[in-house]
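Close look at the chain arrangement
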Amino acid sequence: MKASFRDELVPVSALNEYVYCPRRFYYQRYQDEIGTPYELVDGRSKHERQSRRGGWVRERYFRSNDLGLHGKIDLVESNDETLTPVERKRAESAEYYPSDEVQLAGYCMLLETALDESVNVGYIYLYSTDQRYAIQITENHRKTVREIVRHIRTMTVDSIPPLTDNPSKCEACSAREYCMPEETAMLEPDKAKGTGFEREERR
Amino acid sequence: MKASEGMFDESVIFVTKQGTQVRTDEGRIVVWDVDGDDGELASYPTEKLDTINVFGGVNFSTPFVARANEHGIVLNYFTQNGKYRGSFVPERNTIAEIRRAQYALSDDDELDLAKAMIAGKIRNARTLLSRKGVHGTDVLKDLGVRAENATNKDGLRGTEGEAAERYFNRLDETLTDGWTFEKRTKRPPEDHINSLLSLTYVMMKNEVLSGLRQYNLDPFLGVLHADRHGRPSLALDLQEEFRPIFCDAFVTRLVNRGVITHDDFTADNHLADEAFKTYLSKFDDYMQEEFTHPHFEYSVSRRKAIRQQVILLRKTMTGEMDEYHALTFDR
Ligand code: SF4
């Protein structure tokens, strides 16, 4: 059997990767080809510094066979006996992305299976602006999480996801040099059908 | 369209100064003049490098070798005048899926790849000749078609050999007065032009090898060149399309512009020390020189274009792309 997540739990961080671009996730999963994630490295060292402050539960690992998910929540805030996961986002961006919300939703769902009570709010904290946003976890978020888990678990090495339909993502994508989206569209236009790289027939 | 920012151009360095040591210093790789008094000669960010070529009396500090291993930096050893001695290849996590795909290629898959490479080579041979004003290359055109239609590897090799002979017959016409090219001789090269060609093919083979290693293809498992112990067959295969348009073009440029003269050679047809240093720095410049990519239409360095071919080859092997698109120049 080729490597896939079929019988494995999906790490919550994979949700974020997958939402950013399934193709990039594929490269990372099967080909170890994502370029150097400078931003991640940066974010990590900041985490270390922050984690010395008090008042929070840190680095808790959760897993759920029912959800098909597992992951470490690096920060859980406890207030009035409610627990709220906090997802801290790396340096440069002054905003968070839908993919961050999905990841946070994944953490909330994991936390609630562990606590056996609902967790409907999580926080996204941005280093760049020192802002914290309370995110209401909706039924839509939950559905998205379940769908992505299903996609990831059924992904195989033989079927590479198409190029993204949002080429602006490629500009910041660390796999771009390897992925060669525009170049692929020029060499094999078929491969770009229905993606953001489909162009009018050139004569 | 713009080529995405790359790190390939500075990814290969050449260390030729004798009596130097390559060491690490605060996360950078430093070339230090240990025998002389010049101190630090050059320094490079570790993350950017993937290949270091050293010539003759250059040594490495132990921490540097550990760092090279950690960062996947390949070290190629040459004698002072450019004879290849061997390599230090770092352990790298083998990406099983890539190797699996490469090992699983069928004979037909291999033939398809080889046909694209050889047809590309023949196309580029014609283009080089016509750029230099050599006309009457229709035979090459026909041979290109024959390569595309080859039904087995032996037939393809035959066509390739015939095209090479025709092409080399005409190469003489691209050279300036005072230089002649009679026929291709390899071991040993019998004249100065053959010596420059051989040297340039070795340098190019190493460029291609670096690329294959970086993308975790097995350079020893070829699609056309026979696998022989210790021979990087896949690098030799992929090199084919670059030979005329990059290697031979480089050699003709060197002699036609007078960068290298007959006086630069020793009695056994090797470049003398100083000329060899000139050669290497010109070669490196040439690899970093940009041209308009014939398929992608942006400006890109030769080194990067070669790495891109490695990527395209890998994508073909893993089935991500339908066919291998050789780097061909129509004009
Ligand atoms: S370059 Fe674009 S299509 Fe390719 S993996 Fe990155 S985001 Fe996806």
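For the structure itself, look to the data block above.
Let us look at the structure shown here. Source: prediction; values computed, not measured.

On to the sheet that holds strand 2 (residues 20-25) of chain B, then. Residue and element names in this part refer to chain B. Judged by pairing direction, the sheet is mixed, and its 4 strands sit side by side in the order 4-3-2-6 without closing on themselves. Of all strands in the sheet, those bounded by a partner on one side alone are strand 4 (39-45) and strand 6 (58-60). Put simply, the sheet's adjacent strands are angled 25° from each other on average, direction ignored. Here strand 2 runs beside strand 3 (residues 28-33); their pairing, made up of 6 bridges, is antiparallel. When the bridges of strand 3 are listed, Arg23 appears paired with Val30. Relative to the sheet, helix 1 (residues 62-70) contacts strand 2, strand 3 and strand 6, its axis offset from that of strand 2 by approximately 65°.

Moving on to the site of the ligand. Taken together, Cys21, Arg24, Leu163, Thr164, Cys170, Cys173, Arg176, Cys179 and Pro181 of chain A make up the full set of residues near the ligand. Each residue belonging to the shell around the ligand can be placed in one class, and the counts come to 6 nonpolar, 1 polar and 2 charged.

Here the focus is the environment of Glu97 of chain B. Residue and element names in this part refer to chain B. Among the structural elements, Glu97 can be located in helix 2 (residues 96-103). Accessibility expressed as a relative area gives 10% for Glu97, which makes it buried. Expressed as a C-alpha distance, the spacing of Glu97 and Asn69, which sit 28 residues apart in the sequence, is 22 Å.

Further remarks concern the packing of aromatic side chains. According to the stated counting rule, one finds 24 aromatic pairs over all chains in the structure shown. The interplanar angle of 5° and the centroid separation of 6.4 Å between the aromatic rings of Phe276 of chain B and Tyr279 of chain B together place this pair among those described as stacked. Within this pair, Phe276 of chain B and its partner Tyr279 of chain B are both found in helix 9 (residues 273-288), separated by 3 residues, close to a single helical turn. Both rings, one in Phe296 of chain B and one in Tyr298 of chain B, keep their centres 5.8 Å apart while their planes meet at 40°; by these two values the pair is tilted. Exposure remark for Phe296 of chain B: the relative accessible area of 1% places this residue in the buried category. Residue classification places Tyr298 of chain B among the buried positions, given a relative accessible area of 3%. Connected via pairs of aromatic rings, a cluster forms that spans Phe14, Phe55, Phe78, Phe250, Phe276, Tyr279, Phe283 and Tyr286 of chain B. The cationic tip of Arg132 of chain A hangs over the ring face of Tyr123 of chain A; the distance from NZ or CZ to the ring centre is 3.7 Å. Directly above the aromatic system of Tyr201 of chain B lies the positively charged group of Arg243 of chain B, at a separation of 4.6 Å from the ring centroid.

Residues and elements named next belong to chain B. Taken as a whole and assessed by the stated rule, the structure comprises 29 salt bridges over all chains. A salt bridge links Arg307 to Asp50, with the nearest nitrogen and oxygen atoms 2.9 Å apart. In this pair, Arg307 sits in helix 10 (residues 302-317) while Asp50 sits in the loop between strand 4 and strand 5 (51-55), placing the two residues 257 residues apart along the sequence. On the basis of relative accessibility, which here comes to 0%, the residue Arg307 falls in the buried class. The closest approach of N and O atoms between Asp154 and Arg157, which form a salt bridge, is 2.8 Å. With Asp154 and Arg157 both in helix 5 (residues 153-171) and 3 residues apart, the pair spans about one turn of that helix. Through salt bridges with shared partners, a single ionic network connects Lys121, Glu160, Glu240 and Arg243.

Another aspect to go through is the packing of helix 8 (residues 242-256) of chain B against helix 9 of chain B. Residue and element names in this part refer to chain B. Helix 9 packs onto helix 8 with a crossing angle of 130° between their chain directions and a minimal axis gap of 11 Å. By the angle between their axes, helix 8 is oblique relative to helix 9. Two packed elements cross with a definite hand, and for helix 8 against helix 9 that hand is right-handed. Side by side, helix 8 and helix 9 meet where Ile245, Phe246, Ala249, Phe250, Arg253 and Leu254 of the first sit next to Tyr279, Lys282, Phe283 and Tyr286 of the second.

Parameters at a glance
The numbering scheme is per chain: residues are counted from 1 as the chain's sequence reads. A letter from A marks each chain and a number from 1 marks each ligand, given out in the order of writing. For a predicted model such as this one, the threshold for reporting local features is a pLDDT of at least 70, and the threshold for listing and counting side-chain atom pairs is 80 or more; totals across whole chains, interfaces and linings nevertheless cover every residue. Side-chain measures were taken over the full set of non-hydrogen atoms in the model, leaving aside hydrogen atoms and water. Whether two strands pair comes down to DSSP finding at least two bridges between them. By definition, any uninterrupted DSSP run of H or I lasting at least four residues is a helix, any uninterrupted run of E lasting at least two residues is a strand, and each is numbered from the N terminus. Convention adopted: a line fitted to C-alpha atoms gives each axis, helices being fitted over their contacting stretch, and angles between N-to-C directions are expressed from 0 to 180 degrees. The criterion used for residue contact is that any of the two residues' heavy atoms lie within 4.5 Å. If even one non-hydrogen atom of a residue comes within 4 Å of a molecule or strand, that residue is called near it. Classification convention: Asp, Glu, Lys, Arg as charged; Ala, Val, Leu, Ile, Met, Phe, Trp, Tyr, Cys, Pro as nonpolar; all other residues, Gly among them, as polar. For every residue, the accessible area obtained with a 1.4 Å probe (protein chains only) is divided by the maximum for its type, and the residue is called buried under 20%, exposed over 50%, and partly exposed between those limits. Note on ring pairs: Phe, Tyr and Trp rings are taken, using the six-membered ring of Trp, and paired if centres are within 6.5 Å. Classes follow the plane angle, with under 30 degrees stacked, over 60 edge-to-face and the rest tilted. Ring-over charges, as used throughout, are those where CZ of Arg or NZ of Lys falls within 6 Å of the ring centre and within 35 degrees of the ring normal. By definition here, a salt bridge exists when the distance from a side-chain nitrogen of Lys or Arg to a carboxyl oxygen of Asp or Glu is within 4 Å. When an angle is under 35 degrees it counts as roughly parallel; over 145 it counts as roughly antiparallel; between 65 and 115 it counts as roughly perpendicular; any other value is oblique. Left-handed describes a crossing whose near helix is turned anticlockwise from the far helix by less than a right angle; the clockwise case is right-handed.

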